[in-house]
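Spelled out from the first residue to the last, the chains are:
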Amino acid sequence: MKINALQDLKKVRQKLAEAHAQAQAEAAAQALAARQREAESNLFVRAVGVVQRLPAHGQVKLDVPSPAPIAHQHHMDNAAVLRDCLSDEFDASTLLDTDDALSFRRPGIGRDVIHKLRKGDWSIQREIDLHGLRTDEARVALSEFIRQAQRQGLRCLRVVHGKGLGSPGKTPVLKSKVHSWLVQKNQVLAFVQAKPAEGGAGALLVLLKPGG
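Reference entry: report on the structure contained in this document. Being a predicted model, the structure only gives us computed values, none of them experimental. (Residues numbered from 1 in each chain as written. Predicted model: local features only at pLDDT ≥ 70, side-chain atom pairs only at ≥ 80, totals over all residues. Heavy atoms only, no water.)

## So, the nonpolar core
For step 1, the next point in the chain: Ranked by internal contacts, the top residues of the largest apolar core, which has 22 residues, are L142, V159, V178, L182, F191 and V206.
For step 2, the next point in the chain: Apart from the residues within four sequence positions on either side, V206 is in contact with R155, C156, L157, V159, L182, V188, A190 and F191. (Core = buried A, V, L, I, M, F, W, Y, C linked by side-chain atoms within 4.5 Å. Buried < 20%, exposed > 50% of the residue type's maximum accessible area, 1.4 Å probe, protein only. Contact = heavy atoms within 4.5 Å.)

## Focus: the side chain of R147
For step 1, the next point in the chain: With respect to the element layout, R147 can be found in helix α4 (residues 135-151).
For step 2, the next point in the chain: Polar contacts involving the side chain of R147 include one to the side chain of E144, which spans 2.6 Å. (Helix = DSSP H or I, 4+ residues; strand = E, 2+ residues; numbered from the N terminus. Polar contact = N/O pair within 3.5 Å; in protein donor to acceptor, adjacent residues only side chain to side chain.)

## Quick look at α4
For step 1, the next point in the chain: When the terminal C-alpha atoms of α4 are compared, their 24 Å separation across 17 residues agrees well with the 24 Å that a helix rising 1.5 Å per residue should span.
For step 2, the next point in the chain: Within α4, the full set of buried residues consists of A138, R139, L142, S143, F145, I146, R147, A149 and Q150.
For step 3, the next point in the chain: Taken from the residues just after α4, G153 is the one with a positive phi, measuring 80 degrees. (Expected span 1.5 Å × (residues − 1).)

## Considering the pairing of strand β5 (residues 188-193)
For step 1, the next point in the chain: Where burial is concerned, most of β5 is hidden: 5 out of the 6 residues are buried.
For step 2, the next point in the chain: In the sheet, strand β2 (residues 102-105) pairs with β5 via 3 bridges, with the strands oriented antiparallel. Across the sheet, S103 pairs through a bridge with V192, a residue of β5.
For step 3, the next point in the chain: Here β5 pairs with strand β6 (residues 203-208) via 5 bridges, running antiparallel. Pairing of Q193 across the sheet is with L204, part of β6. (Pairing = 2+ DSSP bridges.)

## A look at the packing of α4 against helix α5 (residues 173-184)
For step 1, the next point in the chain: One can describe the packing of α4 onto α5 by two numbers: an axis separation of 11 Å at closest approach and a directional angle of 40 degrees. Handedness of the crossing formed by α4 with α5: right-handed. Facing α4, whose interface residues are T135, A138, R139, L142 and I146, α5 presents L174, K177, V178, W181 and L182.
For step 2, the next point in the chain: For the contact of α4 with α5, the residue count by class is 7 nonpolar, 1 polar and 2 charged. (Axes fitted to C-alpha atoms, helices over the stretch in contact; angles between N-to-C directions. Left-handed = near helix turned anticlockwise from the far one by under 90°. Nonpolar A, V, L, I, M, F, W, Y, C, P; charged D, E, K, R; others polar.)

Don't take any of this as a statement about function, it's just geometry.
Right, dumping it as structure tokens:
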């Protein structure tokens, strides 16, 4: 560009000053924006604390072991076992009626239930024979038998415990223990000695609460 006059020189100087002022203004605006971004970043860091950048794929792998699955059925079985813990030291003799034949009825159960059970108003739906079992085996078998029977909605059962004729001294040890265990079972409403044709003194007819 040719500058032929002083007036043209002044115009050039003015344009250069304006361009310089504009450049300074833009630089100041950029610096202000940078300071604002830095302030916002610092505010975020103070709010959330130290952070770690995710890998490029956008996923993070945690080295935390997965929790073990909860065995609900195992817990339920354990709870059932606890409920079925029967004491061999429990004396049920004072709770038994020995009028014409041995019987038991839970408080609140009328004598008519005993009469109906003896007459066979409830048909025998299942039975268990505890002959030949040791005490521990018989206790577990009887508990499981009653629990399964009530779960299936059964009401009347026959429990064969034997007369003890094969025991040392011919003492019916298992018989008295079965009486004690049945009294301790909340599922049992009543039981009576079986009729001669159904096992007599070596068996019991047991009435359970409605279940299922």
